[in-house]
Amino acid sequence: FIFNIESSKLCQIKVSDASHMSWKTEYQLICFCVSKEYGAAYHIIDTTKGSYQHILSNNLTADGHPFCAKDGSWFVTDTYPDRYRIQSLYIYTEKDKTDHRLVSLKIPLIFSGGYRCDFHPRLNRKQNLISFDAPISGVRSLVVLPINT
């Protein structure tokens, strides 16, 4: 459910296990959740209508930490380490409905469990830099990556 403080209305969203999300527009969220039609995937959720739309991607198939651009036309997100300890950073553009891997790092085993280092990508105000946490040379570090959008 989502509560709209302007209208004082409660809107039911028919998804489950909603996890990390980011505002795409004033009334839309990018969210990793489970829907009946598509299963676990990224979705665009309309918070006024309770509807959702599946974001089709071959690479963004697991929970991550999305962060949307101001205009909502693209977002960056991370992955958790896979079975080979590879953790990645992606950019997804809605216009061409494609994702591109920007970074792929092999994460040392010491960064597991309570010491895990999620990337948590963020954009600067000009949206030409992505910052994210990453274990570099065995040390939790802040990485800044220039991008062209």
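For the structure, see preceding data.
Residues numbered from 1 in each chain as written. Predicted model: local features only at pLDDT ≥ 70, side-chain atom pairs only at ≥ 80, totals over all residues. Heavy atoms only, no water.

A. Expanded view of the sheet that holds strand 12 (residues 122–123). Here we have three strands laid out as an open sheet, ordered 12-13-14, and antiparallel in their pairing. Of all strands in the sheet, those bounded by a partner on one side alone are strand 12 and strand 14 (139–146). (Pairing = 2+ DSSP bridges. Helix = DSSP H or I, 4+ residues; strand = E, 2+ residues; numbered from the N terminus.)

B. Quick look at the pairing of strand 6 (residues 39–46). For strand 6, a buried count of six out of eight residues is recorded, marking the element as mostly surrounded by other parts of the structure. With three bridges connecting them, strand 6 and strand 7 (residues 52–54) associate as antiparallel partners. Each bridged residue has a counterpart across the sheet, and for H43 the counterpart in strand 7 is H54. Remark: five residues form the turn of the hairpin made by strand 6 and strand 7, two consecutive strands paired antiparallel; G50 in that turn has positive phi of roughly 80 degrees. (Buried < 20%, exposed > 50% of the residue type's maximum accessible area, 1.4 Å probe, protein only.)

C. Inspection of a nonpolar patch on the surface at higher detail. A contiguous nonpolar surface patch, about 530 Å² in accessible area, is contributed by F1, F3, I5 and L10. Summarising the element assignment, F1 is placed in the segment before strand 1 (2–4). (Patch = residues over 30% accessible without salt bridge, like charges linked within 9 Å, V, L, I, M, F, W, Y side chains within 5 Å. Areas by Shrake-Rupley, 256 points an atom, 1.4 Å probe, with all protein chains shown as cover. Salt bridge = Lys/Arg side-chain N within 4 Å of Asp/Glu carboxyl O.)

D. How the structure looks around the pattern of salt bridges. Under the criterion given, the structure shown has two salt bridges. Between E94 and K24 there is a salt bridge, and its shortest N-O distance comes to 2.6 Å. Note that E94 is positioned in the loop between strand 10 (86–93) and strand 11 (98–106) and K24 in the loop between strand 4 (21–23) and strand 5 (28–35), a separation of 70 residues in sequence. Of the residues examined, E94 reaches a relative accessible area of 23% and is grouped as partly exposed. On the basis of relative accessible area, K24 is assigned to the buried category, the value being 8%.

E. Layout of the nonpolar core. Ranked by internal contacts, the top residues of the largest apolar core, which has 15 residues, are W74, V76, L89, F119, L123, I130 and F132. Here the element with the most residues in this core is strand 13 (residues 129–136); it accounts for three residues. Excluding anything up to four places from it in sequence, V76 contacts H65, P66, F67, Y90, I91, P121, L123 and I130. Among the nonpolar cores identified, the runner-up in size contains 10 residues, and F32, Y42, L60 and C68 belong to it. (Core = buried A, V, L, I, M, F, W, Y, C linked by side-chain atoms within 4.5 Å. Contact = heavy atoms within 4.5 Å.)

F. Structural context of the pairing of strand 14. Relative to strand 14, strand 13 is paired through eight bridges, and the arrangement is antiparallel. Within strand 14, the residue paired with P135 across the bridge is R140. Here strand 13 folds back onto strand 14, and the loop between the two strands holds two residues, one of which, S137, carries a positive phi near 50 degrees.

G. Structural context of the environment of Y52. As for its position among the elements, Y52 is in strand 7. Taking the C-alpha atoms as reference, Y52 lies 9.3 Å from L29; in sequence the two are 23 residues apart. If we ignore the near neighbours within four places in the chain, the residues touching Y52 are K14, V15, S35, K36, E37, H43, I44 and I45. Here the side chain of Y52 touches E37 through a polar contact of 2.4 Å, side chain to side chain. (Polar contact = N/O pair within 3.5 Å; in protein donor to acceptor, adjacent residues only side chain to side chain.)

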